[in-house]
Amino acid sequence: FFFLMIRRPPRSTLFPYTTLFRSAKLKMANIKKHTIRKIKKSTGFCKAGKKILKKKLKNVFKLINTFLIDDSVENLHSMRIGIRRFRYVMEIFYFCFEPKSYQYVYNKAKELQDFVGEGRDLDVLGDKIKRVENEENIKISENFFSRIDEDRIKVRQLIKLELIKFIENKEVNKFLTKTK
């Protein structure tokens, strides 16, 4: 009895063939996630930065609108991440913008991130304390949890107010039109 084992060729040799059978939609979905329209290799750094920040700011506005409709823990967290990403990308392109305008918008984004972070901390604090209460089999006063909830509600109202101010802020909305 003769047994012949046929081995599959390494993936690297299959590469050209496997890409032929992938759908164009799948390729576009993967590319679309990380690309920003109108930016090509020939686009200048500051011009590209302006387009990138515009997309990030639009995303922040979208996340803010979502949060204002439904102030769930998940939407607050998503918004916090979006604001943080906007602010960090701002740091990369800081020299492309008028310093006074840049500093104003950067500080507003930082303040907003701090407010949202405080709200997130209260969400996480209540959950963690309840988990410790269950794990350690101890009883924590309901008054303690109600105080956290009261603070959480107050902070949520403050966050909503600050979000509306941010969206309506003329300087924030003009920021991307002002370049050096």
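Criteria and thresholds
Residues numbered from 1 in each chain as written. Predicted model: local features only at pLDDT ≥ 70, side-chain atom pairs only at ≥ 80, totals over all residues. Heavy atoms only, no water. Helix = DSSP H or I, 4+ residues; strand = E, 2+ residues; numbered from the N terminus. Contact = heavy atoms within 4.5 Å. Axes fitted to C-alpha atoms, helices over the stretch in contact; angles between N-to-C directions. Parallel < 35°, antiparallel > 145°, perpendicular 65-115°, else oblique. Left-handed = near helix turned anticlockwise from the far one by under 90°. Nonpolar A, V, L, I, M, F, W, Y, C, P; charged D, E, K, R; others polar. Salt bridge = Lys/Arg side-chain N within 4 Å of Asp/Glu carboxyl O. Buried < 20%, exposed > 50% of the residue type's maximum accessible area, 1.4 Å probe, protein only.

Novice: Looking at this structure, how should I read the side chain of Gln 113?
Specialist: For Gln 113, the location among the structural elements is in helix H5 (residues 99-136). Not counting residues up to four positions away in its chain, the partners in contact with Gln 113 are Ile 83, Arg 84, Arg 87 and Tyr 88.

Novice: Which parts of the structure should I look at to understand the packing of helix H3 (residues 45-69) against helix H4 (residues 73-92)?
Specialist: When two helices pack together, their arrangement is captured by the angle between the axes and the distance separating the axes. Between H3 and H4, the least distance of the axes is 9 Å, while the angle of their chain directions is 165°. Judged by the angle between their axes, H3 and H4 are roughly antiparallel. For H3 against H4, the interelement crossing comes out left-handed. Residue-level contacts link Phe 45, Ile 52, Leu 53, Lys 56, Leu 57, Val 60, Leu 63, Ile 64, Thr 66 and Phe 67 of H3 to Asn 75, Leu 76, Ser 78, Met 79, Gly 82, Ile 83, Phe 86, Val 89, Met 90 and Ile 92 of H4. Broken down by class, the residue content of the contact of H3 with H4 amounts to 15 nonpolar, four polar and one charged.

Novice: Before we go on, may I ask you to explain the pattern of salt bridges in this structure?
Specialist: Pairs can form between side chains of opposite charge once their charged atoms are near each other. Tallying each qualifying case throughout the model produces nine salt bridges. Where Arg 87 meets Glu 91, a salt bridge forms, and the shortest distance between an N and an O atom there is 3.9 Å. Here Arg 87 and its partner Glu 91 are both found in helix H4, four residues apart, which amounts to about one turn of the helix. For Arg 87, a relative accessible area of 10% translates into the label buried. Between Lys 110 and Asp 114 there is a salt bridge, and its shortest N-O distance comes to 3.6 Å. Here Asp 114 and Lys 110 lie together in helix H5, a separation of four residues that amounts to about one turn.

Note that all results are geometric; they support no functional claim without further evidence.
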